[in-house]
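A structural walkthrough
What follows is the residue order along each chain.
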Amino acid sequence: MVLPMLYLVPTGVKADATPSVSYCTHVQNVGWQDYSPQGEMSGSEGQGLRLEGIRIALNESGYDLGIEYQTHIQNIGWETDTAKGWTTSNGISGTQGMGYRLEAIQIRLTGADADQFDIYYKVHAQNYGWLDWAKNGEEAGTAGFGYRLEGIIIKILPAGSEAPGNVDYPFVSTNEFLNKIKGNWYSIKNPSTLPGLKITGNPYEECGLLWLGSKYYECRYRIIFVAKDGKSGTFEAYEQNYYKPPCSENSNWQKVPIVISDIYQLNEDNTISRTSKSYKETFRK
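My aim in this report is to walk through the structure given alongside it, one point at a time. (Residues numbered from 1 in each chain as written. Predicted model: local features only at pLDDT ≥ 70, side-chain atom pairs only at ≥ 80, totals over all residues. Heavy atoms only, no water.)

Brief notes about helix 1 (residues 174-181)
- The set of residues buried in helix 1 consists of Thr174, Phe177, Leu178 and Ile181. The buried residues of helix 1 occupy an angular sector of 105 degrees when the element is viewed end-on, so they sit on one face. Of the exposed residues in helix 1, those oriented more than 90 degrees away from the buried face are Asn175 and Asn179.
- For helix 1, the capping residue at the N-terminal end is Ser173, with a side-chain oxygen 3.1 Å from the backbone nitrogen of Asn175. (Buried < 20%, exposed > 50% of the residue type's maximum accessible area, 1.4 Å probe, protein only. Helix = DSSP H or I, 4+ residues; strand = E, 2+ residues; numbered from the N terminus. Arc of directions from axis to C-beta. Polar contact = N/O pair within 3.5 Å; in protein donor to acceptor, adjacent residues only side chain to side chain.)

Let's talk about the pattern of salt bridges
- In the structure shown here, the tally under the stated rule is five salt bridges.
- Note that Lys84 and Glu79 form a salt bridge whose closest N and O atoms lie 3.1 Å from each other.
- The buried category is assigned to Glu79, whose relative accessible area is 2%.
- A salt bridge links Arg148 to Glu150; its shortest N-O distance comes to 2.7 Å. Each member of the pair Arg148 and Glu150 is classed as buried. (Salt bridge = Lys/Arg side-chain N within 4 Å of Asp/Glu carboxyl O.)

As for the environment of Ile153
- Checked against the element boundaries, Ile153 lands in strand 15 (residues 149-158).
- A C-alpha to C-alpha distance of 6.5 Å links Ile153 and Val123, two positions 30 residues apart in sequence.
- With near-sequence residues (within four places) excluded, Ile153 lies in contact with Tyr23, Gly39, Glu40, Met41, Tyr120, Tyr121, Lys122, Trp130 and Trp133. (Contact = heavy atoms within 4.5 Å.)

Topic: the pairing of strand 6 (residues 66-73)
- Extensive coverage of strand 6 is indicated by the burial of seven of its eight residues.
- As paired elements, strand 6 and strand 10 (residues 102-110) share eight bridges and run antiparallel to each other. Note that in strand 10 the partner of Ile73 across the bridge is Leu102.
- For strand 6 and strand 8 (residues 87-88), the ladder comprises two bridges, and the chain directions are antiparallel. When the bridges of strand 8 are listed, Tyr69 appears paired with Thr87.
- The sheet contact formed by strand 6 and strand 7 (residues 77-78) spans two bridges and is antiparallel. Within strand 7, the position partnered with Ile73 by the bridge is Gly77.
- Where strand 6 hands over to strand 7, the hairpin turn is made up of three residues, of which Asn75 adopts a positive phi near 70 degrees. (Pairing = 2+ DSSP bridges.)

What to know about the side chain of Thr142
- In this structure, Thr142 sits in strand 14 (residues 140-143).
- Those residues in contact with Thr142 that lie beyond four places of it in its chain are Glu103, Ala104, Ala125, Tyr128, Leu131, Tyr147, Phe171 and Val172.

Examining the packing of aromatic side chains
- Summed over all chains, the structure comprises seven aromatic pairs.
- The interplanar angle of 80 degrees and the centroid separation of 4.9 Å between the aromatic rings of Tyr63 and Phe117 together place this pair among those described as edge-to-face. Within this pair, whereas Tyr63 is found in the loop between strand 5 (51-59) and strand 6, its partner Phe117 is found in strand 11 (residues 117-125), the two being separated by 54 residues in sequence.
- According to the relative accessible area criterion, Tyr63 is buried, its value standing at 17%.
- Take Phe117: its relative accessible area is 6%, and that puts it in the buried class.
- On the basis of an interplanar angle of 55 degrees and a centroid distance of 6.1 Å, the ring pair of Tyr128 and Tyr147 is categorised as tilted. With Tyr128 in the loop between strand 11 and strand 12 (129-130) and Tyr147 in the loop between strand 14 and strand 15, this residue pair connects regions lying 19 residues apart in the sequence.
- Tyr128 sits in the buried class, given a relative accessible area of 12%.
- Given a relative accessible area of 3%, Tyr147 falls into the buried group. (Phe/Tyr/Trp six-rings, centres within 6.5 Å; stacked < 30°, edge-to-face > 60°.)

This is how it looks when you write it as structure tokens:
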């Protein structure tokens, strides 16, 4: 691993140059890469390799600056929700040797001169590619899908500078989409077969009820893909158990196991329709 070169500036003297960062990532099947200068990618693109850890070194250029960052890690969550907390300059955020993917990141500047600069960063996320730029501690990446980060670009600019690119969608979460698909729908294309769908719980296969005519099915589901703006996407719903109506006043509903899987599309006009695609076609590699 090649360590970054940090240039020393006498105390109390501020250089004309803007502070900068260099960073390296721990990549699946590769290990630690060399440090990349700001504005260049660390990680990979188009290879399907997860980021597992990151180190960010700060060149303060004589300013009173520090840097903090944290990642959202598979099976762990945000590091600030653990005893570790924020990582400081050139420390390791993430894991080594555990095979856990990074899913999101936050980066911010600290120190008396932090308000003079903006730190921008964007990530390459599984199934989405490059998301938009985040800055100054905003979340970048995805939440609720289990998607890996694959690459990252970071740069520091003077405060108020024009952003290096689009800033609308640096982070995609299932939360907004999940709120849209909860509840009862009566806009599915074949109402005689599927007049309404009621879903409760989180996107990871929690039980709800699927109403088919006079019968109930337990419905389990998971979100597959959500548009960056959260307005549309696809999800899988399948019926695990059929509840047979009682045959008499003294009998109970009978639970009969069954599995019927379908992919559904939530359209931008908030209508729901079955897709004609198979699961493998719908799930982006």
